[in-house]
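Here's the letter readout for the chains.
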Amino acid sequence: MADPSGTHDIAWRLLRTMILIRRVEERLARLFADGEIPGFIHLSIGQEAIAAGFGACLAPADTLASTHRGHGHCLAKGVTAAALIAEVMGRDTGACRGRGGSMHVADLSVGMLGANGIVGAGVPIALGSALAHKTLGRDAAAIAFFGDGALAEGAVYEALNLAAAWAVPLVFACERNGWSEFSPADRGFAGDLEALATSFGIPYARVDGDDALAVHAAVAPIVAAVRRERQPRLIECVTHRVHGHFEGDPQRYRPAADREAARAADPIARLLAKLGGDEATRRRAESIEAEIAAEVDAAVAAARAAPGADRVAAAEDVYG
Ligand SMILES: Cc1ncc(C[n+]2csc(CCOP(=O)(O)OP(=O)(O)O)c2C)c(N)n1
Ligand SMILES: [Mg+2]
């Protein structure tokens, strides 16, 4: 198929990343239910288009700070499924030698600054990284992911202010899934995100966060402008959380229609539909599925065989 704009190639790349995130998280859900994962996990099933769309716009030198719902961001930024799964399972072979777990996965070798268990707390970390990019003259952007629940956190407002005052290359990326734990997120946010951003002189955009091609198309020029101009921008990605707040959350607070809308908005099904239903597309998608299934199986087997986090080494890399 003639594809002078390369959209077809990008679509397949986005699809692959989304399927990788989905299959890794589905496996994590099973491992968690079977008691093979310590602590809590929060899945981003339904929100994969955002991670995939951003990931395809980022270079290794760009940096990204994530949230408690960070598996997709990690994989899209280049953390391997093996390093992520081993970390979530608390193994010595994990990205942080099993000492961080799901909510603290970081891998500086690929610019992944870390997931974060504290709502809004990744934002000032990304701000610091953006300041480092600017100070050291790097041609790079920092990305700060945060949920709509983080709009109730002061750290986000401080970072908006300083990013604008210091003119740093930072993309504020709000994942608006409508929920903050067990409450509608707008119960904790009385403002208007566009008005908030523009009051700091930060250009604002909004995108359908369940449409991977739309996310990619919106984010690519934003990241390029942020790197070039060394100025912050904010993008609001409207999306749906399919699972509960955490695995095991029975979601009794959630209307059935909202759960159904989240399932129906599936970004993977949407992109597959756009790619068309012909035989060649089906075969190519199946071969991606097979490749990813083998990758995830191997990652789980390796994690199971690996030693647990080393208690003796627990204080290594800690300073104070
Ligand atoms: C500072 C802080 N306050 C409260 C919590 C408890 N908490 C964990 S996740 C969450 C809601 C987060 O909602 P949002 O930012 O929209 O992210 P989502 O879970 O929707 O991805 C809250 C209140 C926390 N971890 N940190
Ligand atoms: Mg939310």
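For the structure itself, consult the block above.
Only a predicted model underlies this, so the values are computations on that prediction, with no experimental measurement involved.

**Q** What exactly am I supposed to notice about the overall build of the chain here?
**A** Looking only at helices and strands, the chain has 11 helices and 8 strands in total. Rg of the C-alpha trace for the chain: 19 Å, near the compact-globule value of 20 Å for 320 residues, within the 12% margin. With the C-alpha coordinates aligned to their principal axes, the bounding extent of the chain is approximately 55 × 50 × 45 Å. Looking at the chain alone, contacts between residues at least 24 apart form 74% of all its contacts between residues at least 6 apart.

**Q** Which parts of the structure should I look at to understand the pairing of strand β7 (residues 204-208)?
**A** Side chains on a regular strand alternate between the two faces of the sheet. Bridge analysis of β7 against strand β8 (residues 233-238) gives 5 bridges, and the strand direction is parallel. From the neighbouring strand, Asp208 faces β8, where its bridge partner is Val238. Each parallel crossover has a hand, and for β7 linked through helix α8 (residues 212-229) to β8 it is right-handed.

**Q** What exactly am I supposed to notice about helix α11 (residues 279-305) here?
**A** Count 3.6 residues to each turn of an α-helix, and residues three or four apart come out pointing the same way. The first and last C-alpha atoms of α11 sit 39 Å apart over 27 residues, in line with the 39 Å expected at 1.5 Å per residue. At its buried positions, α11 is contacted by α1 (7-33) and α4 (81-88).

**Q** Can you help me understand the pairing of β8 in this one?
**A** Two strands pair when backbone bridges link them, and strand β4 (residues 170-176) and β8 are joined in this way by 6 bridges, in the parallel orientation. Bridge assignment links Phe172 to a residue of β8, and that residue is Leu234.

**Q** What's the story with the sheet that holds strand β2 (residues 112-114) in this structure? I'm lost.
**A** Consider a sheet: its strands pair through backbone hydrogen bonds, and that pairing is either parallel or antiparallel. Overall, parallel pairing links the 6 strands, which are arranged β2-β1-β3-β4-β8-β7 in an open sheet. Across the chains shown, the open sheet's two edge strands, defined by having one partner strand only, are β2 and β7. Here the strands of the sheet are splayed against their neighbours by 20 degrees on average, with no regard to which way each runs. Two strands pair when backbone bridges link them, and strand β1 (residues 63-65) and strand β3 (residues 142-147) are joined in this way by 3 bridges, in the parallel orientation. Its bridge partner lying in β3, Leu64 is registered against Ile143. This element, helix α5 (residues 122-135), spans β1, β2, β3 and β4 of the sheet and lies at about 170 degrees to β3.

**Q** Looking at this structure, I do not really get the site of ligand 1. What am I missing?
**A** Lining the immediate environment of ligand 1, one finds 18 residues, of which Arg69, Val119, Gly147, Gly149 and Ser180 sit closest. Of the residues that constitute the shell around ligand 1, the class distribution is 5 nonpolar, 8 polar and 5 charged.

**Q** Where do I start with the packing of α1 against helix α10 (residues 267-275) in this structure?
**A** The description of two packed helices rests on the angle between their axes and on the distance between the axes. With their axes 10 Å apart at the nearest point, α1 and α10 run at an angle of 150 degrees to one another. Comparing the axis directions of α1 and α10 gives the class roughly antiparallel. With respect to the hand of their crossing, α1 and α10 are arranged in left-handed fashion. Facing Ala11, Leu14, Leu15, Met18, Ile19 and Arg22 of α1, the residues of α10 in contact are Pro267, Ile268, Leu271, Leu272, Lys274 and Leu275.

**Q** So what exactly am I meant to see when it comes to α10 here?
**A** Every buried residue of α10 is accounted for by Pro267, Ile268 and Leu271. Here the buried residues of α10 occupy an arc of 100 degrees about the axis, which is enough to place them on one side. The outward face of α10, more than 90 degrees from its buried face, is lined by the exposed residues Ala269 and Ala273. The inward-facing, buried residues of α10 abut α1, α2 (48-55) and α8. Gly276 occupies a position one or two residues after α10 and carries a positive phi of about 100 degrees.

**Q** Please clarify how the packing of α1 against α2 should be interpreted in this entry.
**A** The interhelical angle for the contact between α1 and α2, taken along N-to-C directions, is 130 degrees, at an axis separation of 9 Å. On the basis of the axis angle, α1 is oblique to α2. For the pair α1 and α2, the crossing hand works out as right-handed. Between α1 and α2, the contacting residues are Leu14, Thr17, Met18, Ile21 and Arg22 on the first element and Glu48, Ala49, Ala51, Ala52, Gly53 and Gly55 on the second. Grouping the constituent residues of the contact of α1 with α2 by class yields 6 nonpolar, 3 polar and 2 charged.

**Q** What is the right way to read the environment of Gly117 from this model?
**A** Topologically, Gly117 is positioned in the loop between β2 and α5. Judged by local crowding, Gly117 falls into the partly exposed class, with 18 C-beta atoms found within 10 Å. In this structure the C-alpha to C-alpha distance between Gly117 and Met103, which are 14 residues apart in sequence, comes to 5.3 Å. Other than its neighbours up to four places away in sequence, Gly117 contacts His68, Met103 and His104.

Rules used in this analysis
- Residues numbered from 1 in each chain as written.
- Chains lettered and ligands numbered in written order.
- Predicted model: local features only at pLDDT ≥ 70, side-chain atom pairs only at ≥ 80, totals over all residues.
- Helix = DSSP H or I, 4+ residues; strand = E, 2+ residues; numbered from the N terminus.
- Rg over C-alpha atoms; globule rule 2.2 N^0.38 Å.
- Contact = placed C-beta atoms within 7 Å.
- Pairing = 2+ DSSP bridges.
- Right-handed = clockwise from strand over helix to strand, strands pointing away.
- Expected span 1.5 Å × (residues − 1).
- Axes fitted to C-alpha atoms, helices over the stretch in contact; angles between N-to-C directions.
- Near = placed C-beta within 6 Å.
- Nonpolar A, V, L, I, M, F, W, Y, C, P; charged D, E, K, R; others polar.
- Parallel < 35°, antiparallel > 145°, perpendicular 65-115°, else oblique.
- Left-handed = near helix turned anticlockwise from the far one by under 90°.
- Buried ≥ 20, exposed ≤ 12 C-beta atoms within 10 Å, placed from the backbone.
- Arc of directions from axis to C-beta.

Spatial relationships are all this shows, so hold off on functional conclusions.
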